[in-house]
Amino acid sequence: MNVRQLRYFIAIVERGSVSSAARTLNVAQPALSQHILNLEADLATELLVRSSKGVKPTKAGEVLYQHARKIVAQLKQAIDDVRSEADTPRGEVLIVVPPMLGVHIAPRLLERIADGFPDIELRIQEELGLDVCEMVQSGRADLGISARQNLGPKLEFVHIYTEPLYLASRRRPHDPPCSGEETVSCDDLFEVPLVLSQKSHAVRELVEAVANETGRGLNIRVTTESTRLRISYIQSGVTHGVLPWPSLDTPWRRGELRARRIDDARLTRDICFVWPKNQPMSAATKCVLNETLAICQQLFEEGIVKGDIVADLAQFQNP
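Residues numbered from 1 in each chain as written. Predicted model: local features only at pLDDT ≥ 70, side-chain atom pairs only at ≥ 80, totals over all residues. Heavy atoms only, no water.

*Asks:* Summarise the side chain of serine 247; cite the residues concerned and give the values.
*Replies:* With respect to the secondary-structure elements, serine 247 resides in helix H9 (residues 245-253). Owing to a relative accessible area of 11%, serine 247 belongs among the buried residues under this scheme. (Helix = DSSP H or I, 4+ residues; strand = E, 2+ residues; numbered from the N terminus. Buried < 20%, exposed > 50% of the residue type's maximum accessible area, 1.4 Å probe, protein only.)

Now the structure itself:
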């Protein structure tokens, strides 16, 4: 058993398919299958259940998968730590961001890292809050930005800012100008048709919690995980939406949406940076963390992010 075999095994389990993993790894499928057969022979046990729908780990395979992720993550950390001794942050860093912030953060972060830290290989991936936490907790990502209320015991975090949510609706030609400072009562949510995401999304969790607490029913006309589709439904006038300001900023600036802050402390979210607990942070990861925090400060100054920022950049120079 070697590290390459473990990496191959992790890819197959996470992709649920040998062929999909082979494409991701850029390895011939027969060669990849032979590596797994050799691994099963070394361990004298079956690791994967193969079917027409793909592959799933056996109980023994799940145990190996959990250990393999830790081994590969620790090896990556060891390599990054050794390289960092040269006082030049280097190595691969994967940061996972929610869609609402990804479009604003990703281009700036790529530019800052490319200009200031050319030896860092930066990867940026968009995922919903639940998936962000799972990816970081499992070691598949180095950093994440999450709006989850319960982050879990296996994550370290820093609270960046607290943001309100907004009730967004179509802005018609005869509507008065919208400053973005107007407010509405939480009761207004129950009077209009809504577009919301699926239940795994942090915004929907908050809205449903308030509905349950007040004993009111929500008029959910449509659900979708796509921010782009949610905005298009709102722009068409078919529905209203509950969204954070970064998701609304661009169409609001174009005069296409009305956005009113929901005046209820229950409908606010804590936005946090998260990283794996009990794992040392590489020099490259620290750089990405600090650069992303600086970008968040810029977004506040430009009005793209609204709320109460609480993070102090200085205290995170050596997290």
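*Asks:* Describe the packing of helix H1 (residues 3-15) against helix H3 (residues 29-43), and please don't skip the residues or the numbers.
*Replies:* Running from N to C, H1 and H3 cross one another at 110°; their axes reach a closest spacing of 10 Å. Overall, the two elements H1 and H3 adopt an arrangement that is roughly perpendicular. When you trace H1 past H3, the crossing you get is left-handed. Two secondary-structure elements touch here, H1 through Arg4, Gln5, Tyr8, Phe9 and Ile12 and H3 through Leu32, His35, Ile36, Asn38, Leu39 and Asp42. Looking at the contact of H1 with H3 residue by residue, the classes come out as six nonpolar, three polar and two charged. (Axes fitted to C-alpha atoms, helices over the stretch in contact; angles between N-to-C directions. Parallel < 35°, antiparallel > 145°, perpendicular 65-115°, else oblique. Left-handed = near helix turned anticlockwise from the far one by under 90°. Contact = heavy atoms within 4.5 Å. Nonpolar A, V, L, I, M, F, W, Y, C, P; charged D, E, K, R; others polar.)

*Asks:* Can you tell me about the side chain of glutamine 5, naming the residues and giving the values?
*Replies:* Within the element layout of this structure, glutamine 5 appears in helix H1. What makes glutamine 5 buried here is its relative accessible area of 6%. Ignoring any residue separated from it by four or fewer positions in sequence, one finds glutamine 5 in contact with His35, Asn38, Leu39 and Asp42.

*Asks:* Describe H3, naming the residues involved and giving the relevant values.
*Replies:* Across its 15 residues, H3 extends 21 Å between first and last C-alpha, which sits within 8% of the 21 Å expected from 1.5 Å per residue. By the burial criterion, the buried members of H3 are Leu32, His35, Ile36, Leu39 and Glu40. Viewed along the axis of H3, the buried residues span an arc of 135°, placing them on a single side of the element. Exposed positions of H3 whose direction lies more than 90 degrees from the buried face are Pro30 and Ala41. Two residues or fewer after H3 comes alanine 44, characterised by a positive phi angle close to 55°. (Expected span 1.5 Å × (residues − 1). Arc of directions from axis to C-beta.)

*Asks:* Quick rundown of the pairing of strand E5 (residues 143-146)? Include the residues and the values.
*Replies:* Side chains of E5 alternate between two faces, with Leu143 and Ile145 and Gly144 and Ser146 buried alike. Taken together, the two bridges between strand E3 (residues 91-97) and E5 define a ladder with parallel strand orientation. By the bridge assignment, valine 96 is partnered in E5 with glycine 144. (Pairing = 2+ DSSP bridges.)

*Asks:* Describe unusual backbone geometry, with residues and values.
*Replies:* Its identity as a non-glycine residue notwithstanding, asparagine 26 has a phi of 60°, on the positive side. Relative to the assigned elements, asparagine 26 resides in the loop between helix H2 (18-25) and H3. Positive phi outside glycine occurs at alanine 44, with the angle close to 55°. Relative to the helices and strands, alanine 44 resides in the loop between H3 and strand E1 (48-51).

*Asks:* Help me get a handle on the packing of aromatic side chains, residues and values and all.
*Replies:* If you walk through the whole model with that rule in mind, you get three aromatic pairs. Seen from their ring centres, tyrosine 161 and phenylalanine 300 are 5.1 Å apart, and the 85° between their planes marks the pair as edge-to-face. On the criterion of sequence distance, the pair formed by tyrosine 161 in strand E6 (residues 155-170) and phenylalanine 300 in helix H10 (residues 283-301) is long-range, its members being 139 residues apart. Take tyrosine 161 and phenylalanine 300: they sit in the same class, and that class is buried. Summarising the aromatic geometry, the rings of tyrosine 166 and tryptophan 245 are spaced 4.9 Å apart at their centres and angled 65° between planes, so their arrangement reads as edge-to-face. With tyrosine 166 in strand E6 and tryptophan 245 in helix H9, this pair connects stretches of sequence that are 79 residues apart. Given the relative accessible area of 1%, tryptophan 245 is considered buried. The structure contains a cluster of three or more aromatic residues connected by ring pairs, namely Tyr166, Trp245 and Trp252. Its end group placed over the ring of tryptophan 245, lysine 306 keeps NZ or CZ at 4.7 Å from the ring centre. (Phe/Tyr/Trp six-rings, centres within 6.5 Å; stacked < 30°, edge-to-face > 60°. Lys NZ or Arg CZ within 6 Å of the ring centre and 35° of its normal.)

*Asks:* Can you lay out the pattern of salt bridges for me, pointing to particular residues and giving the numbers?
*Replies:* One pass over the full model with this rule turns up 17 salt bridges. Among the ionic pairs, glutamate 291 bridges to arginine 112, the shortest N-O distance being 2.6 Å. On the criterion of sequence distance, the pair formed by glutamate 291 in helix H10 and arginine 112 in helix H5 (residues 99-116) is long-range, its members being 179 residues apart. Judged by its relative accessible area of 28%, arginine 112 falls in the partly exposed class. (Salt bridge = Lys/Arg side-chain N within 4 Å of Asp/Glu carboxyl O.)

*Asks:* How would you summarise the nonpolar core if you had to cite specific residues and measurements?
*Replies:* What tends to happen in soluble globular proteins is that the nonpolar side chains get buried as a cluster. The biggest cluster of nonpolar side chains holds 32 residues, and the ones touching the most others in it are Phe273 and Val288. For this core, the secondary structure elements donating two or more residues are E3, H5, strand E4 (120-126), E5, E6, strand E12 (268-276) and H10. Element by element, the count of residues in this core is highest for H10, at nine residues. If near-sequence neighbours (up to four positions away) are discounted, valine 288 is found in contact with Val93, Ile95, Leu109, Ile113, Ile120, Leu122 and Leu143. With 21 residues, the next largest nonpolar core counts Leu6, Ile10, Ile36 and Val55 among its residues. (Core = buried A, V, L, I, M, F, W, Y, C linked by side-chain atoms within 4.5 Å.)

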